[in-house]
Amino acid sequence: MDISAALIASVLVALLVVIIVIRIVRIVPQARARNVERLGRYNRTLQPGLNFVIPFIDRVYPAIDLREQVVSFRPQPVITEDNLVVEIDTVLYFQVTDPRAAAYEIASYLQAVEQLTVTTLRNVVGSMDLESTLTSRDTINSQLRGVLDDATGKWGLRVNRVEIKAIDPPKTIKDAMEKQMRAERDKRAAILGAEGQRQSQILTAEGDKQAAVLRAEGNRTAQILKAEGEAQAIDEVFQSVHRNDPDPKLLAYQYLQTLPQLAQGQGNTFFVIPSELTSALSGVSRAFSEALPKSPATRETPSTDKVSSRAADDAARAAEAAAAAVADAADAEKPTISGPSREKNPSS
């Protein structure tokens, strides 16, 4: 019986010692802090590591996180200067620098920071119109940070950064903005299309101009070369004629050969026979009817006498026939020319 009582007493004492040790030793993690109250009054702040307190006298509060914290507040309706309601979503970055002030200067620093952010945001955005609000996020962030940092300093907080996560205007304003953006894009597309078309037309005109210049240069060069060729050919013929020293009989014969070519055109129903043709034909006739002079080209040879005489006879007959045709044509034209004179003098 005595042994059982002694064992129970030993267990109770050991349990009491363990409880006392647990209440005395407090381990605080890194970047955490815990406030201690002794007999209901703030005594000290436990630092990270091993700490000892007086059990049943000291009261240790929950740990306070000393790291930088990120808090995203729900969207808040804010009225702009031009009386438009926008929903603004903010993100706050802050850090607890004084655990005692964060615990005793404000009841709930998170709620206090949220409400202060909302009121400051309404004051800042209320002095801007919608366009300035959408394009001045940096200005809003800097103003919010300045106001929050001054107000939360006595609470043991430091506001590092305030960011505007989203600004949502009303649906009607969104539709109007989309139409405006679409109109701007259409305008830029039309301007770019007009610029491209103008550039294309300019390049096409430049190409046509260069092509026309090149064609003109080619035509000029071709005409120059053709004229030079014709001039060279005429010069060669002229030099050849003068080197061979032709007589008037040969020229008259060439003139006679050229006359049929004048009447070969499709629109030539008649042609005028010049007066010089009679003298030319008579010269040709005499040339073939008279005896050819003795020359190396006309010197008789025993093997070709008959052929030369026959060719001369044929040429003479052809010349006489041509002369007769010309004479008949001239006689046919005389009544038409002299007709009016007979009508004026019927007595003659």
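Residues numbered from 1 in each chain as written. Predicted model: local features only at pLDDT ≥ 70, side-chain atom pairs only at ≥ 80, totals over all residues. Heavy atoms only, no water.

Q: Help me understand the side chain of threonine 80, please; the structure alone is not making it clear to me.
A: Here threonine 80 shows up in the loop between β8 (76–79) and β9 (85–96). Within the structure, the side chain of threonine 80 is placed 2.4 Å from the side chain of aspartate 82, a separation counted as a polar contact. Not counting the four nearest positions on each side in its chain, threonine 80 is found in contact with Val86, Val125, Gly126, Met128, Asp129, Leu130 and Thr133. (Helix = DSSP H or I, 4+ residues; strand = E, 2+ residues; numbered from the N terminus. Polar contact = N/O pair within 3.5 Å; in protein donor to acceptor, adjacent residues only side chain to side chain. Contact = heavy atoms within 4.5 Å.)

Q: What is the right way to look at the layout of surface pockets in this model?
A: Gaps left between atoms are located by rolling a probe of water-molecule size over the structure's atoms. Space inside the second largest pocket adds up to approximately 170 Å³. Considering the residues around the second largest pocket, the lining is formed by Leu130, Glu131, Leu134, Thr135, Ile173, Met177, Gln180, Met181 and Glu184. Where the lining of the second largest pocket is concerned, the elements lending two or more residues are α4 (130–135) and α6 (171–244). Tallying contributions element by element places α6 first for the lining of the second largest pocket, with 5 residues. In terms of residue class, the lining of the second largest pocket is made up of 5 nonpolar, 2 polar and 2 charged. (1 Å grid on protein atoms, 1.4 Å probe; cavity = no way out; pocket = protein on both sides within 12 Å on 5 of 7 lines; lining within 4 Å. Points joined across faces, edges and corners; volume = space filled by probe spheres on them. Nonpolar A, V, L, I, M, F, W, Y, C, P; charged D, E, K, R; others polar.)

Q: Can you walk me through the nonpolar core in this structure?
A: Across soluble globular proteins, nonpolar side chains show a tendency to be buried alongside one another. Counting 31 residues, the largest nonpolar core has Ile88, Leu92, Tyr109, Leu121, Ile140, Leu157 and Ile164 as the members making the most contacts within it. The element that contributes the greatest number of residues to this core is helix α3 (residues 109–125), accounting for 7 residues. What isoleucine 88 contacts, discounting residues up to four positions off in sequence, is Arg74, Pro75, Gln76, Val78, Leu121, Val125, Ile164, Ala166 and Ile167. Val28, Val36, Leu46 and Val60 belong to the second-largest nonpolar core, a separate cluster that totals 5 residues. (Core = buried A, V, L, I, M, F, W, Y, C linked by side-chain atoms within 4.5 Å. Buried < 20%, exposed > 50% of the residue type's maximum accessible area, 1.4 Å probe, protein only.)

Q: Just checking my understanding: could you explain the pairing of β8 for this structure?
A: The two faces of the sheet receive side chains in turn, since in a regular strand these alternate between them. Here β8 shows a buried face lined by Gln76 and Val78 and an unburied face lined by Pro77 and Ile79. One ladder, built from 4 bridges, connects β8 with β9; its direction is antiparallel. Across the sheet, glutamine 76 pairs through a bridge with isoleucine 88, a residue of β9. Hairpin connection, β8 to β9: the antiparallel pair is bridged by 5 residues, and asparagine 83 has positive phi, about 60 degrees. (Pairing = 2+ DSSP bridges.)

Q: What am I meant to see in the packing of α3 against helix α5 (residues 137–152) here?
A: For any two helices packed against each other, the geometry comes down to the angle between their axes and how far apart the axes lie. Contact geometry for α3 and α5: axes closest at 10 Å, N-to-C directions at 140 degrees. When the axes of α3 and α5 are compared, the pair comes out oblique. Where α3 crosses over α5, the two elements pack in a sense that is right-handed. Across the interface between the two elements, Val113, Leu116, Thr117, Thr120, Leu121, Val124 and Val125 of α3 pack against Ile140, Gln143, Leu144, Val147, Leu148, Ala151 and Thr152 of α5. Looking at the contact of α3 with α5, its residues break down into 10 nonpolar, 4 polar and no charged. (Axes fitted to C-alpha atoms, helices over the stretch in contact; angles between N-to-C directions. Parallel < 35°, antiparallel > 145°, perpendicular 65-115°, else oblique. Left-handed = near helix turned anticlockwise from the far one by under 90°.)

Q: Any chance you could explain the environment of leucine 134 here in plain terms?
A: Note on placement: leucine 134 falls in helix α4. Taking the C-alpha atoms as reference points, leucine 134 and alanine 166, separated by 32 residues in sequence, lie 9.5 Å from one another.

Q: In this structure, what is going on with the confidence of the model for the protein? I would like to understand it.
A: Do not read the predicted coordinates in detail wherever pLDDT is low. Of the residues in the protein, 69% reach a pLDDT of 70 or more, and the chain-wide mean stands at 77. Across the protein, strand β2 (residues 32–38) holds the top mean pLDDT of 93, while helix α9 (residues 305–344) sits lowest at 53. A low-confidence stretch, residues 291–304 (pLDDT under 50), is modelled with 5 contacts involving residues beyond four sequence positions or located in other chains. For residues 335–348, every residue scores under 50 in pLDDT, and the model assigns this stretch 0 contacts once sequence neighbours within four places are set aside. (pLDDT = per-residue confidence, 0-100.)

Q: Whenever I open this one, the pattern of salt bridges confuses me. Can you help?
A: Opposite charge on two side chains allows them to pair when their charged atoms are near. Per the counting criterion, the structure on display carries 9 salt bridges. Across the pair arginine 38 and aspartate 58 runs a salt bridge whose closest N-O atoms are separated by 2.5 Å. With a gap of 20 residues between them, arginine 38 in strand β2 and aspartate 58 in strand β5 (residues 58–60) connect regions that are remote in the sequence. Looking at arginine 38, the relative accessible area reads 31%, which means it is partly exposed. Between arginine 220 and glutamate 217 there is a salt bridge whose closest N-O contact spans 2.8 Å. Of this pair, arginine 220 and glutamate 217 both sit in helix α6, separated by 3 residues, roughly a single helical turn. (Salt bridge = Lys/Arg side-chain N within 4 Å of Asp/Glu carboxyl O.)

Q: It is not clear to me how the pairing of strand β3 (residues 41–46) should be interpreted in this structure. Could you clarify?
A: Of the strand pairs in this sheet, β2 and β3 are connected by 5 bridges, and their pairing is antiparallel. In the sheet register, glutamate 37 faces β3, and the bridge partner there is tyrosine 42. Here β2 folds back onto β3 in antiparallel fashion, the turn holding 2 residues, of which leucine 39 has a positive phi close to 60 degrees.

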